[in-house]
Every structure is written in structure tokens, then in C-alpha cells.
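As a plain string of letters, each chain reads:
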Amino acid sequence: MSLKLGDGLLFTGPFPIDTTVIRANKVPVVYAIVAKGGQSWAPVFRVMDIGASPDEGIDLAKHPSRPQWQPAAGEAVGAYLLYLPRSEYAQTDRERLAQELLALYQPPNNLVA
């Protein structure tokens, strides 16, 4: 499944937070931590956090904000990833995009329209 954020950016997911590791030798990402709730025929997506993987990689289960990524009743939380190859995007580009998306969605309570 995919989720469009921002200006039509297609994030892939959801991936389980506790087992999602972006290794240094893999394509870096901008990640969105999203809670999915509502009925299956009318889901509601709530952006909880957004960030960029550093060049050395990231283990989302060990992220300092992990304790805050808790679902409300009836929600499931997962990671959605936007792959941004190093050949096209520098670390600063990923960080800038993550900051733009944070400003747009103002986590943890903004819904994806």
C-alpha cells in the first residue's frame, strides 16, 4: 500500500516500526510514522512524526521518539517510507523535505487529507 503526502509524494508502507531498519548500504529514506484508524472502507491516517534517515542508517525501534509513537484506541501505527537515492538526493535534501512535511502536517495530530 502507499500513502501520498505533501505535494503527491508516494510513501510505501506500512512497515512495522519495531523491525524496520534502513541500513547504511541501502537507499536512504524520508520516513513518516502514521497511525491508521477508522473503518476499513473509510480509513483515517494521522501523521505522528516525520524524519529523514541519516547516511549511516537508522533503526526505527531505537529512535529516541519511539516511546511517543503509540496508537490511540482503534489505531495501528506503521512506518511509511519515501526512498530517495543518494545519487539524486543529499542528506541535506532529505532533511529539508522532512522539515517541510513536518511544517505541513504538524504532528502528532494532523490528518492526511
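As the structure is a prediction and not an experimental result, all values here were calculated from the model. (Residues numbered from 1 in each chain as written. Predicted model: local features only at pLDDT ≥ 70, side-chain atom pairs only at ≥ 80, totals over all residues. Heavy atoms only, no water.)

1. Focus on the overall build of the protein chain
Of regular secondary structure, the protein chain possesses one helix and eight strands. Mapped in sequence order, the helices and strands of the protein chain form the string β-β-β-β-β-β-β-α-β. Its C-alpha radius of gyration of 13 Å places the protein chain within 12% of the 13 Å reference for a compact globule of 113 residues. For the C-alpha atoms alone, the extent of the protein chain along its principal axes is close to 40 × 30 × 25 Å. Considering only residue pairs separated by 6 or more positions, the protein chain has 69% of its internal contacts joining residues 24 or more positions apart. If you sum the accessible surface of the protein chain, you get close to 6400 Å²; carbon and sulfur atoms cover 54% of it. Put simply, the protein chain has 10 plus and 11 minus side-chain charges, and the middle of one group is 6 Å from the middle of the other. (Helix = DSSP H or I, 4+ residues; strand = E, 2+ residues; numbered from the N terminus. Rg over C-alpha atoms; globule rule 2.2 N^0.38 Å. Contact = heavy atoms within 4.5 Å. Areas by Shrake-Rupley, 256 points an atom, 1.4 Å probe, with all protein chains shown as cover. Lys, Arg positive; Asp, Glu negative; His and termini not counted. Charge placed at Lys NZ, Arg CZ, Asp CG, Glu CD.)

2. A look at the pattern of salt bridges
Where charged atoms from two side chains of opposite charge come close, those side chains can pair. By the definition in use, this model includes seven salt bridges. A salt bridge links Lys-62 to Asp-59, with the shortest nitrogen-to-oxygen separation between them at 3.9 Å. With a shortest N-O distance of 3.4 Å, Glu-100 and Arg-96 are connected by a salt bridge. Taken together, the residues span about one helical turn, with Glu-100 and Arg-96 both in helix H1 (residues 91–105) at a distance of four residues. The exposure class of Glu-100 is partly exposed, given its relative accessible area of 42%. A relative accessible area of 45% means that Arg-96 is categorised as partly exposed. Several salt bridges converge on common partners, so that one network encompasses Asp-55, Arg-86 and Arg-94. (Salt bridge = Lys/Arg side-chain N within 4 Å of Asp/Glu carboxyl O. Buried < 20%, exposed > 50% of the residue type's maximum accessible area, 1.4 Å probe, protein only.)

3. Brief notes about the confidence of the model for the protein chain
Residues with a pLDDT of 70 or more make up 99% of the protein chain, whose mean pLDDT is 94. Between the elements of the protein chain, mean pLDDT differs from a low of 82, seen in strand E8 (residues 110–111), to a high of 97, seen in strand E7 (residues 76–83). (pLDDT = per-residue confidence, 0-100.)

4. What to know about the sheet that holds strand E1 (residues 2–5)
Spatial ordering of the open sheet is given by E1-E2-E7-E4-E5-E8, a layout of six strands whose pairing is antiparallel. A strand with exactly one partner marks an edge of an open sheet, and here the two such strands are E1 and E8. With four bridges joining them, E1 and strand E2 (residues 9–15) adopt antiparallel strand pairing. The residue bridging Leu-3 from the neighbouring strand is Phe-11, located in E2. (Pairing = 2+ DSSP bridges.)

5. Details of the pairing of E1
Every second residue of E1 is oriented toward a common face, the buried set being Leu-3 and Leu-5 and the non-buried set Ser-2 and Lys-4. Counted along the chain from E1 to the antiparallel partner E2, the turn is three residues long, and its residue Gly-6 has a positive phi close to 65 degrees.

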